[in-house]
Amino acid sequence: MNNEQAQQPVTETQLRESLIEQLRELDAIRTEAVEKAIRTVPRHLFAPEATLSQAYAAEEAVITKKDENGIAVSSVSAARIQAFMLEQAEIQPGMRVLEIGSGGVNAAYIAELVGEEGEVTTIDIDPDVVERAERLLANAGYERVNAVLADGEEGEPKHAPYDRIIVTVGAWDIPRAWTDQLAEGGRIVVPLRTRGLTRSIAFEREGDRFVSQNYELCGFVPMQGAGENRVRLVLLHGEDVGLRLDDTQQVDAERLRTALSEPRVEAWSGVTIGGFESWDQLDLWLATVLPEFVLLTAKPAARDQGIVTTASPMGTATLVDGGSFAYRALRPLDDGRTRFEFGAMGHGPAAKEVADRLVEQIRIWDRDHRADQARFEVYPAGTPDDRLPAGRVVDKRHTRVTISWP
Ligand SMILES: C[S@@+](CC[C@H](N)C(=O)[O-])C[C@H]1O[C@@H](n2cnc3c(N)ncnc32)[C@H](O)[C@@H]1O
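This one's a predicted model, so the numbers in the text were calculated from it and none came from an experiment. (Residues numbered from 1 in each chain as written. Predicted model: local features only at pLDDT ≥ 70, side-chain atom pairs only at ≥ 80, totals over all residues. Heavy atoms only, no water.)

*Asks:* Sorry, what's going on with the sheet that holds strand S18 (residues 392–395) here?
*Replies:* Each strand in a sheet pairs with its neighbour through backbone hydrogen bonds, running either in the same direction (parallel) or in the opposite one (antiparallel). Pairing in this open sheet of 10 strands is mixed, and the strands run S5-S4-S3-S6-S7-S8-S9-S17-S19-S18 from one edge to the other. The open sheet has two edge strands, strand S5 (146–149) and S18, and neither has a second partner. Each strand axis lies, on average, 20° off the axis of its neighbour in the sheet, ignoring direction. Relative to S5, strand S4 (residues 119–124) runs parallel, the two sharing four bridges. (Pairing = 2+ DSSP bridges. Helix = DSSP H or I, 4+ residues; strand = E, 2+ residues; numbered from the N terminus. Axes fitted to C-alpha atoms, helices over the stretch in contact; angles between N-to-C directions.)

As structure tokens, then:
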């Protein structure tokens with residue numbers, strides 16, 4: 001590129017085309033319909049506080065509101081996540097769609113997908129967000145979208161039934177209202193957190209249960225209101241190392257603190273992974289099979305001081321057993337760091353045994369399930385155990401969620 005070309009301003013249309021190209025490469029756009037919606041909607045009009053290149057970045061969310069502690073409570077989600085969730089939803093012209101968690105741009109994409117014959121309703125618990133979404137949607141020519149102030153826990157009965165419900169805020173459960181407001185044969189796409197791990201899951205209804213069709217790794221701001229349910233953090237070393245607990249999990253923090261202060265025991269699996277491969281499927285396997293599965297979080301300082309060997313912001317898969325625990329570890333196999341081996345770091349009186357148990361499950365995943373997808377099913381609370389598939393059962397307030405593998 002010569003200097004003259006480099007100085008030419010990049011137009012919104014060029015940025016949109018470049019975004020589409022990236023989303024195709026990332027496999028986030030898979031159909032002509034979603035591509036057309038993303039090409040049609042002027043995305044930058046929904047993020048006026050961002051620069052054009054931020055608004056059209058594939059992987060970046062634009063934070064639009066923070067709470068008093070500076071934590072993000074509302075954002076325009078990253079285009080990659082919006083695109084794959086729209087693909088998961090398989091929206092057809094003429095459908096009625098509910099979006100839970102507003103921003104504007106995603107509702108505009110949905111409006112393009114359903115066309116003039118369809119109907120889009122977007123709800124948010126925050127009046128500022130609803131006012132903003134309504135204003136930006138009208139400004140971009142999408143005044144036909146209904147923007148409503150409501151807690152997602154209750155859905156929005158006025159415009160029900162919906163053919164699709166797309167939840168764009170981190171959820172821990174599937175409240176009754178979503179089931180009641182979903183049309184026969186409908187589909188829910190929801191970033192559902194189970195055992196600390198969040199996946200955007202596309203569910204279809206089969207009688208009184210929901211069955212997953214596919215899922216993708218994702219991250220979202222957590223749900224507020226009546227359905228709020230946060231992960232709990234148990235600190236093990238000042239504020240630098242902790243365990244994230246979900247659902248009804250409990251641990252003996254005092255004994256685990258002592259365990260961490262003692263030397264660790266290493267175990268290695270012989271199972272390897274490439275530098276660009278993701279291991280979210282392994283973590284889902286471990287969350288399914290390990291009786292006490294939690295996530296270890298650590299600040300880089302704790303890793304640099306050698307207290308732990310990992311400082312993943314997502315949290316590291318960990319098996320807890322009484323006063324002992326072991327977390328998943330990785331070591332490079334070459335200087336270029338192109339290939340890594342999975343292992344485990346054990347602490348506590350049963351350090352070796354828990355590390356060996358974790359490594360054994362890593363080997364089983366590699367041998368029997370590396371190419372598999374898990375299956376999530378959601379049953380109403382109170383469903384007897386003998387109706388549930390074999391696998392992990394996680395009890396929520398409204399539902400019983402199961403994770404099973406072929
Ligand atoms: C990631 S943003 C939504 C992004 C948006 N769909 C877009 O177009 O990019 C999540 C939103 O969920 C909202 N939210 C949180 N809890 C909620 C609840 N219980 N019901 C409805 N909205 C909620 C937040 O206020 C926030 O605006």
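There is more to say after this.
*Asks:* What exactly am I supposed to notice about the site of the ligand here?
*Replies:* If you check the shell around the ligand, you find 25 residues, and the closest are Ser74, Glu99, Asp124, Gly152 and Gln224. Interatomic distance of 2.9 Å between a backbone N/O atom of Gly101 and a nitrogen atom of the ligand. Protein contacts shield 100% of the accessible area of the ligand, which totals 610 Å² for the unbound molecule. Looking at the shell around the ligand, the elements with two or more residues in it are strand S2 (72–76) and helix H6 (105–114). When grouped by side-chain class, the residues that make up the shell around the ligand number nine nonpolar, 12 polar and four charged. (Near = heavy atom within 4 Å. Polar contact = N/O pair within 3.5 Å; in protein donor to acceptor, adjacent residues only side chain to side chain. Areas by Shrake-Rupley, 256 points an atom, 1.4 Å probe, with all protein chains shown as cover. Nonpolar A, V, L, I, M, F, W, Y, C, P; charged D, E, K, R; others polar.)

*Asks:* What am I meant to see in the pairing of S4 here?
*Replies:* Regular strands place their side chains on alternate faces of the sheet. Counting buried residues in S4 gives five out of six residues, a clear majority hidden from the surface. Across five bridges, the pairing between strand S3 (residues 96–100) and S4 is parallel. Looking at the pairing, Leu98 lines up with Thr121 of S4. On the question of chirality, the crossover connecting S4 to the parallel S5 by way of helix H7 (residues 127–139) is right-handed. (Buried < 20%, exposed > 50% of the residue type's maximum accessible area, 1.4 Å probe, protein only. Right-handed = clockwise from strand over helix to strand, strands pointing away.)

*Asks:* When you look at the packing of helix H2 (residues 12–25) against helix H3 (residues 32–40) in this model, what are you seeing that I'm missing?
*Replies:* When two helices pack together, you describe them by how their axes are tilted relative to each other and by the distance separating the axes. Relative to each other, H2 and H3 sit at 150°, their axes nearing to 10 Å. As summarised for this structure, H2 and H3 are arranged roughly antiparallel, according to the angle between their axes. Taken as a pair, H2 and H3 cross one another with a handedness that is right-handed. Residues Arg16, Glu17, Leu19, Ile20, Leu23 and Arg24 of H2 form the contact with H3, whose participating residues are Glu32, Glu35, Ile38 and Arg39. Residue classes in the contact of H2 with H3 are distributed as four nonpolar, no polar and six charged. (Parallel < 35°, antiparallel > 145°, perpendicular 65-115°, else oblique. Left-handed = near helix turned anticlockwise from the far one by under 90°. Contact = heavy atoms within 4.5 Å.)

*Asks:* Help me understand H3 in this model?
*Replies:* Each turn of an α-helix holds 3.6 residues, which means side chains three or four residues apart point in the same direction. Looking only at H3, the buried set comprises Val34, Glu35, Ala37 and Ile38. In a view along the axis of H3, the buried residues occupy a sector of 160°, so they form one face of it. Turned more than 90 degrees away from the buried face of H3, the exposed residues are Glu32 and Lys36. Buried residues along H3 sit in contact with H2, helix H5 (79–89) and H6. (Arc of directions from axis to C-beta.)

Geometry only, nothing functional implied.
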